[in-house]
Amino acid sequence: MATLKLIIRLIRINGLRQMAIRLWIEFLGFARHTTLRKMFNLSIISLQAVFRTSRVRGYPYRYYIEPTNVCNLRCPFCLGWQGRSSRRRGMMSLESFRKIIDEIAPYTYWVDLYNRGEPLVNPAAIGMIAYAHAHNIAVKMSTNLHFLDEQRAEQLIHSGLDYLVVPLDGGTQETYEKYRVGGSLETVLNNLNLIVKKKRELNSLTPYITIRTLVMKHNEHEMYTIRTLAREIGVDNLIFSLMIANVEKDSVVEEWLPIDENYSWYDYEQRTNKITGGLHSCSELWQRMTINWDGSVFPCCFVDKEEMSFGNVSSETIRAVWNNRAYTNSRRVFDKDYKPDGIVTICSTCRGDMKRK
C-alpha cells in the first residue's frame, strides 16, 4: 500500500509521461545487461526478501559504490560534507573498484556510482564506469556537474555510462545556491548543454540524462522555470523529487519543506509521513549493498557513521560480508520474536525509520 501511494504521488507531481520515461530508462538498464544467471539470482533474492530469510542465497542485484566522499558543495541536509560527517575523507582506487566488480559482475544489473561526495572529483571515476560497462553492468551516476570539460564529456559518453542524473534545485542562482551551497547554476547549465551537444555529435543514445529537482519551500515557485530549462537544453527527462527530512524539528518544516503539502511526504500538523507509514520490511537488506570508498559496507545509503559498518570488502569477500552476523541479525529486526542475539546494528533501531524522516 505504501509503495502504491508513493507511485501515485510521484505521478501526480511529475506527470505520467515523465515517470514512464524514468521507468523505461531503468528497464533498459536491466534489459541490456541481463543474463540467465542474473535473472535467476534476482528471482531468488526477491523471493527471500518476501519471506524475510535471515541468510540469503545469492548476491545483491544493485550496489551503491562510492568513488569518494569528498565534495565541492555544502548541501545542508547532506551527511557527507566535512562539517557533519565523522568519516575519513578519501577516494577509491580503480584497483579496489575492479576487485569488487570482478566478484559481483555475474549477478549484478546496476551500479549506482555515487553515495556521499561528488563522484567526478575522483580522477578514476570514468575508468570505473568503463570497467563496469565492460563487465556487462549498467551504471548510473549522480553528479552536480561542476567538474566537466569537452574532453571529460566525450570520455563519459564513450565510457558506456547508462544513466546520468544532475541535481538542479533552482531556476536562478539565488534559488539554486540556497541548497547547493557553493554551487554555480551557470556552470551546471553550461555543462548540461555541453554533454547534450556531445551526445548528438557522437550519435549516442546514452547516457540518458535526467535533471532531478528536490522540491523545497524556496524553489516550489520555480517548477515551471526548471521545466522550461530542461526542455531548452534537451535532456531526456526531468524528475521532481520530494524532500526527506526530520519533521519533528520546527525549523526544518518552517524553512525547508514546501508550503504546498502536495509537494511533500509529510502531514505538517501531525508531523508524520503520510505516504510510507509503517514499514514491515526493508528491501535494502536483501537486494542492495552500499560500499564506501574505503571498502566499508553500510546496509543502505542513509547511514554515514564508521561505527555502523557491516564489514569491509577490502579484507573480506562480498559474499562473506553479505551473510555475516550484522546482516543476518539485521534481516530479523522486523520479526515478531526479534532479539538482538548479541549484536545490535543500526537496523535494530532504525527499522526503516530513516527512510521516513
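Notes on the structure in this doc start here. (Residues numbered from 1 in each chain as written. Predicted model: local features only at pLDDT ≥ 70, side-chain atom pairs only at ≥ 80, totals over all residues. Heavy atoms only, no water.)

Attention now goes to the overall build of the protein chain. Of regular secondary structure, the protein chain possesses 14 helices and 11 strands. A compact globule built from 357 residues would reach a C-alpha radius of gyration of about 21 Å, and the protein chain, at 20 Å, matches this within 12%. Along the first, second and third principal axes, the C-alpha atoms of the protein chain reach 55 × 50 × 40 Å. Considering the protein chain as a whole, with its 357 residues, one finds that 55% of them fall into the buried category. Sequence separation of at least 24 residues holds for 69% of the intrachain contacts in the protein chain that already meet a minimum separation of 6. For the protein chain, the computed accessible surface area is about 16200 Å², with 54% contributed by carbon and sulfur atoms. Put simply, the protein chain has 47 plus and 38 minus side-chain charges, and the middle of one group is 6 Å from the middle of the other. (Helix = DSSP H or I, 4+ residues; strand = E, 2+ residues; numbered from the N terminus. Rg over C-alpha atoms; globule rule 2.2 N^0.38 Å. Buried < 20%, exposed > 50% of the residue type's maximum accessible area, 1.4 Å probe, protein only. Contact = heavy atoms within 4.5 Å. Areas by Shrake-Rupley, 256 points an atom, 1.4 Å probe, with all protein chains shown as cover. Lys, Arg positive; Asp, Glu negative; His and termini not counted. Charge placed at Lys NZ, Arg CZ, Asp CG, Glu CD.)

On to the pairing of strand 1 (residues 62-65). Alternating positions in strand 1 separate into two faces, Arg62 and Tyr64 on one and Tyr63 and Ile65 on the other, with burial throughout. The pairing of strand 1 with strand 2 (residues 110-112) spans 3 bridges and is parallel. Paired with Arg62 across the bridge in strand 2 is Trp110. Both strand 1 and strand 9 (residues 288-291) contribute to a ladder of 4 bridges, which runs parallel. Pairing of Tyr64 across the sheet is with Thr290, part of strand 9. (Pairing = 2+ DSSP bridges.)

Before going further, it helps to spend a moment on the packing of helix 4 (residues 94-104) against helix 5 (residues 125-134). It is at 10 Å that the axes of helix 4 and helix 5 come closest, and there the two elements cross at 20°. By the angle between their axes, helix 4 is roughly parallel relative to helix 5. Our pair here, helix 4 against helix 5, has a crossing hand that is right-handed. Listed contacts from helix 5 to Leu94, Phe97, Arg98, Ile101 and Asp102 of helix 4 are Gly127, Met128, Tyr131 and Ala132. For the contact of helix 4 with helix 5, the per-class residue count stands at 6 nonpolar, 1 polar and 2 charged. (Axes fitted to C-alpha atoms, helices over the stretch in contact; angles between N-to-C directions. Parallel < 35°, antiparallel > 145°, perpendicular 65-115°, else oblique. Left-handed = near helix turned anticlockwise from the far one by under 90°. Nonpolar A, V, L, I, M, F, W, Y, C, P; charged D, E, K, R; others polar.)

Distances and angles like these do not, on their own, reveal function.
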